[in-house]
Amino acid sequence: ENINTVVFENSTDASKEVAQEIAALIKEKEKEGKPCILGLATGSSPKGLYAELVRLHKEEGLSFKNVISFNLDEYYPMEPNSINSYVRFMKELLFDHVDILPENAHVPDGLLTKEQIADYCHEYEAKIEALGGIDLQILGIGGNGHIGFNESGSLQNSKTRLVALDHITRVAASKDFFGLNNTPRTAITLGVKKIMEAKRVILLAWGEGKANIVKKSVEDEVTNRVPASFLQEHNNAVFVLDKEASSKL
Ligand code: GLP
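Since the structure is predicted, the reported quantities are computational estimates derived from the model, not experimental observations. (Residues numbered from 1 in each chain as written. Predicted model: local features only at pLDDT ≥ 70, side-chain atom pairs only at ≥ 80, totals over all residues. Heavy atoms only, no water.)

### Looking at the site of the ligand
Line of reasoning, step 1. What surrounds the ligand is the set Gly43, Ser44, Ser45, Asp73, Tyr86, Gly140, Ile141, His146, Gly148, Phe149 and Lys210.
Line of reasoning, step 2. In this structure, a nitrogen atom belonging to the ligand sits 2.8 Å away from a side-chain N or O atom of Asp73.
Line of reasoning, step 3. At a separation of 2.8 Å, an oxygen atom of the ligand approaches a polar side-chain atom of His146.
Line of reasoning, step 4. Here the ligand, which alone exposes 390 Å², has 85% of that area covered by the protein. (Near = heavy atom within 4 Å. Polar contact = N/O pair within 3.5 Å; in protein donor to acceptor, adjacent residues only side chain to side chain. Areas by Shrake-Rupley, 256 points an atom, 1.4 Å probe, with all protein chains shown as cover.)

See below:
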């Protein structure tokens, strides 16, 4: 194995453990008088994590006043209030239930004009850099090994940009969009470079449907066909798995 893996009995236990790590980091940064810069992901994998963070806020007083977050990606084009927008996803699962300042919770803007995208992406990265980079990046993994929306073929030094979604990614998303015809063809994603620059990376994967791609990412060669395999070259990355997702390791 070329990436550290931690296997839990189920995704609930795993999510609780990751939430504890995040809570500890937030508190540590607070003591240092520094903001905690979190990279956040969407998809089904981090849902349990966000539920646990909300619980820690409500029941144990964990504060997010000191947190500045940057989401990985957003469909393009996308209205922020649309049922499938990642802005809405993050508000409903996390931001609306904790005390993060709205101006500190960044999600790529799906409403830009084509002409605005390049400058916007540059600015998104510049904001992260000005804060000293991402302290902890949460990731899911696509069935094809994508991270964020860095699909197969994405380069290890790729920047934040507009990307074309793979057919297989669109098929996976099409159930949420009531059919492939309504499913966006493009998205804005944080590039692989900024993900690799994060001081700590935690990738979450649950279920036997992820077992093959987890195995490829962790044990097979580093290749841009499987962008998650780049994490083999990260010095502080971990795959947090349930038993099923780890079954091919
Ligand atoms: C989408 C997201 C990714 C996510 C992936 C996996 O493509 N843009 O960031 O990792 O879905 O989703 P899930 O966690 O539902 O398997």
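The rest of the description comes next.
### Things to note about the packing of helix α2 (residues 47-60) against helix α3 (residues 86-93)
Line of reasoning, step 1. Where α2 meets α3, the axes come as close as 9 Å, and the angle between the chain directions of the two elements is 40°. Compared by their axis directions, α2 and α3 come out oblique. Between α2 and α3, the residues in contact are Lys47, Tyr50 and Val54 and Phe89, Met90 and Leu93, respectively.
Line of reasoning, step 2. Grouping the amino acids of the contact of α2 with α3 by side-chain chemistry returns 5 nonpolar, no polar and 1 charged. (Axes fitted to C-alpha atoms, helices over the stretch in contact; angles between N-to-C directions. Helix = DSSP H or I, 4+ residues; strand = E, 2+ residues; numbered from the N terminus. Parallel < 35°, antiparallel > 145°, perpendicular 65-115°, else oblique. Contact = heavy atoms within 4.5 Å. Nonpolar A, V, L, I, M, F, W, Y, C, P; charged D, E, K, R; others polar.)

### A few points about the sheet that holds strand β7 (residues 161-164)
Line of reasoning, step 1. Within the open sheet, the 3 strands sit side by side as β4-β8-β7. Their pairing is antiparallel. Edge positions in the sheet fall to β4 (73-76) and β7, since each has one partner strand and no second. Averaged over neighbouring strand pairs, the angle between their axes works out to 30° when direction is ignored.
Line of reasoning, step 2. Taken together, the 4 bridges between β7 and strand β8 (residues 186-189) define a ladder with antiparallel strand orientation. What sits directly across from Arg161, in β8, is Thr189. (Pairing = 2+ DSSP bridges.)

### Quick look at the side chain of Lys210
Line of reasoning, step 1. In this fold, Lys210 is placed in the loop between β9 (201-205) and α7 (211-219).
Line of reasoning, step 2. Buried and unpaired, Lys210 has Asp242 as its nearest opposite-charge partner, separated by 9.6 Å.
Line of reasoning, step 3. Setting aside residues no more than four positions away along its own chain, Lys210 makes contact with Ser45, Ile141, Gly143, Ala205 and Ala245. (Buried < 20%, exposed > 50% of the residue type's maximum accessible area, 1.4 Å probe, protein only. Lys, Arg positive; Asp, Glu negative; His and termini not counted. Salt bridge = Lys/Arg side-chain N within 4 Å of Asp/Glu carboxyl O.)

### With respect to α7
Line of reasoning, step 1. Of the positions making up α7, those classed as buried are Ala211, Ile213, Val214, Ser217 and Val218. Taken down its axis, α7 places every buried residue within 165° of arc, on the same side.
Line of reasoning, step 2. Its buried side turned inward, α7 meets β1 (4-8), β9 and β10 (237-242). (Arc of directions from axis to C-beta.)

### Looking at the pattern of salt bridges
Line of reasoning, step 1. The full count for this structure, using the stated rule, is 14 salt bridges.
Line of reasoning, step 2. Residue Arg55 is joined to Glu52 by a salt bridge in which the shortest nitrogen-to-oxygen separation is 3.1 Å. Of the two residues, Arg55 and Glu52 both sit in helix α2, 3 residues apart, roughly one turn of that helix.
Line of reasoning, step 3. Among the residues examined, Arg55 registers a relative accessible area of 29% and is labelled partly exposed.
Line of reasoning, step 4. Where Glu59 meets Arg55, a salt bridge forms, and the shortest distance between an N and an O atom there is 2.9 Å.

Honestly, it's all geometry; don't read function into it.
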